[in-house]
Amino acid sequence: MNTTYTRQNNTQFRDIEEAAIRVLQLIAEFVDINTLFIARNDGKTNRMIKVFNKEDILVSEGEELPFYESYCSLSVKHGDRILIIPDLSIDEKTKEMNVTKHLGGGTFIAIPINYEDGENYGTICGLDTKKQSFTDEQISLFETMSSLLTYVLELDYSHQQLYQTAAPVVPITSGVAILPVVGDIDERRAESIIETALFKSQELGLNHLVIDLSGIMYINETVIASLLKIVTILKLIGVTPILTGFRPDLAMKAVQMNAELGTILIVANLEQALNHIGFELKK
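The text that follows walks through the structure, step by step, so that each part is easy to find.

Reading the values: the criteria
Every chain's residues receive numbers from 1 upward, in the order its sequence appears when written. Local features are withheld for residues below a pLDDT of 70 in this predicted model, meaning they are given only at 70 or higher, and side-chain atom pairs are given and counted only at 80 or more; totals for whole chains, interfaces and linings count all residues. Based on all heavy atoms of the structure, the side-chain values leave hydrogens and waters out of the count. Secondary structure is summarised from DSSP: a helix means a run of H or I of at least four residues, a strand means a run of E of at least two, and numbering begins at the N terminus for each. Contacts are residue-level and defined by heavy atoms, with any inter-residue pair within 4.5 Å sufficient. Here the Shrake-Rupley method, with its probe set to 1.4 Å, supplies the accessible areas, and only the displayed protein chains count as covering residues. What makes two strands pair is DSSP finding at least two bridges between them. For helices, the fitted axis covers only the stretch in contact; all axes are lines through C-alpha atoms, and the angles between them, taken along N-to-C directions, range from 0 to 180 degrees. Salt bridges are defined as contacts in which a side-chain nitrogen from Lys or Arg sits within 4 Å of a carboxyl oxygen from Asp or Glu. Accessible area is worked out with a 1.4 Å probe on protein chains only. A residue is then buried under 20% of its type maximum, exposed over 50%, and partly exposed in between. Two rings from Phe, Tyr or Trp (for Trp, the six-membered ring) form a pair when their centres sit within 6.5 Å of each other. Planes less than 30 degrees apart are called stacked, planes more than 60 degrees apart edge-to-face, and all others tilted. Here, nonpolar core refers to any group of buried Ala, Val, Leu, Ile, Met, Phe, Trp, Tyr and Cys residues whose side-chain atoms link them within 4.5 Å. Expected helix span is given by 1.5 Å per residue-to-residue step, counting one fewer step than there are residues. The directions from the helix axis to the C-beta atoms are what the arc is built from.

Another aspect to go through is the overall build of the protein chain. Secondary structure assignment for the protein chain yields eight helices and 13 strands. For the protein chain, restricting intrachain contacts to residue pairs at least 6 apart in sequence, the fraction spanning at least 24 positions comes to 60%. Surface summary for the protein chain: the accessible area is close to 15,100 Å², and the carbon and sulfur share equals 50%.

Okay, here's the thing in structure tokens:
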């Protein structure tokens, strides 16, 4: 299950790209312009992540241009305000650009999409080969949609941080670490845990990774599939996985689901896991 982002109108977005599609659809309902698109830039390349063409195909999804050869770079330079170029063929900023020569002129409107710290993500843009004018309400719509995407970006970033820190690999001693898994596990978080287990095992040069499940709220097919995948991957890279904290209710549920856990070393607690590896806890 993917994360959903909800605004006051109860519109839900699973990610920034889904939000981008809806944003373009909304703008297209109120602004009579041939092409609307949302571009992502990394300072070097400008890539069209979502595109809406009414009639003529002026821009294609996935299309890329060097950033400083794109109209979007002019919007970013312009700051947080709306940039409107009524006639691309005569404006000093655009008349000599290759993209203008290709289009033959027209109108461009854009506003940057920024993270809350001011760093630029990309732009929301409108483009037409005909001259266009825009009402105050239409300009306000572009500004509102830019704010909405900033909101989604920040939620996405916050959730990414949560996923990255929700299952930390904690070194115990040379070659041994513990991976405590806490809370609910959905598909996205499961993939994050698998990546963490793989890369941290290699980075720390682990021989054993103890996966503590005592903090898991419930067990389902996603959890079981993730455990089996983690175990398989760890064995392939030479790391011995040990499951601990497998509560009776979780064990019963796993049995009911016919989970194939027979090849996995499962012990009651961390002390037993360390004893199995060869360590003795002295009290």
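On we go.
Turning our attention to the sheet that holds strand S12 (residues 240–244). One open sheet holds the five strands; their spatial order is S9-S10-S11-S12-S13, and the pairing between them is mixed. Bordering the open sheet on either side are strand S9 (170–173) and strand S13 (265–266), each of which pairs with just one other strand. As judged from the three bridges shared by S9 and strand S10 (residues 176–183), these two strands associate in the antiparallel manner. Across the sheet, valine 170 pairs through a bridge with isoleucine 178, a residue of S10. In the packing of helix H5 (residues 187–204) onto the sheet, the strands contacted are S9, S10 and strand S11 (208–216), and the crossing angle to S10 comes to about 165°.

Reading across the sheet, the six strands line up as S5-S4-S3-S8-S7-S6 and stay open at both edges, with antiparallel pairing between neighbours. Two strands bound the open sheet, and with one partner strand each, they are strand S5 (64–66) and strand S6 (83–85). Recorded for the sheet is a direction-independent mean angle of 25° between the axes of neighbouring strands. With seven bridges joining them, strand S3 (residues 35–41) and strand S4 (residues 45–53) adopt antiparallel strand pairing. Considered in S4, the bridge of arginine 40 is made with arginine 47.

Right, let's talk about the environment of phenylalanine 246 for a bit. Its place among the elements puts phenylalanine 246 in the loop between S12 and helix H7 (248–256). Measuring from C-alpha to C-alpha, the distance between phenylalanine 246 and glycine 215 comes to 9.5 Å, with 31 residues separating the pair along the chain. Once residues within four sequence positions are removed from consideration, phenylalanine 246 is found in contact with Leu213, Ile219, Leu227, Ala251, Ala254, Leu261 and Ile266.

Tallied over the entire structure, the rule returns seven salt bridges. Residue lysine 95 is joined to glutamate 92 by a salt bridge in which the shortest nitrogen-to-oxygen separation is 3.1 Å. When the shortest N-O distance is used, the salt bridge between lysine 130 and aspartate 128 registers 3.6 Å. A residue is classified by how much of its surface remains accessible, and lysine 130, at 49% relative accessible area, is partly exposed.

Moving on, we come to the packing of aromatic side chains. For the structure shown, the criterion picks out three aromatic pairs. Ring geometry for tyrosine 71 and phenylalanine 108: centres 5.1 Å apart, planes at 45°, overall tilted. In this pair, tyrosine 71 is assigned in helix H2 (residues 71–78) and phenylalanine 108 in strand S7 (residues 107–114), connecting sequence segments 37 residues apart. Residue tyrosine 71 shares its accessibility class with phenylalanine 108, and that shared class is buried. With a centroid separation of 6.1 Å and 85° between ring planes, the pair formed by tyrosine 115 and tyrosine 121 is classed as edge-to-face. Looking at tyrosine 121, the relative accessible area reads 7%, which means it is buried.

Turning to the nonpolar core, a few remarks are in order. Membership of the largest hydrophobic core comes to 28 residues, with the highest contact counts inside it found for Leu179, Val181, Leu209, Ile211, Leu213 and Phe246. Top contributing element to this core by residue count: helix H6 (residues 221–236), with six residues. For leucine 209, the contacting residues outside a window of four places in its chain are Val169, Ala177, Ile178, Leu179, Ala197, Ser201, Leu234, Val239, Thr240, Pro241 and Ile242. Among the nonpolar cores identified, the runner-up in size contains 27 residues, and Val23, Ile113, Ile124 and Val152 belong to it.

A rise of 1.5 Å per residue sets the reference length of H6, with its 16 residues, at 22 Å; its end C-alpha atoms lie 23 Å apart and thus fit the reference within 8%. Residues of H6 that are buried include every one of Val223, Ile224, Ser226, Leu227, Ile230, Val231 and Leu234, and no others. Angularly, the buried residues of H6 cover 165° about the axis, an arc narrow enough to put them on a single face. Counted as exposed and oriented over 90 degrees from the buried face of H6: Glu221 and Leu236. Buried positions along H6 lie against H5, S11, S12 and H7. Note on H6: the residue one or two positions beyond its end, glycine 238, has a positive phi of about 85°.

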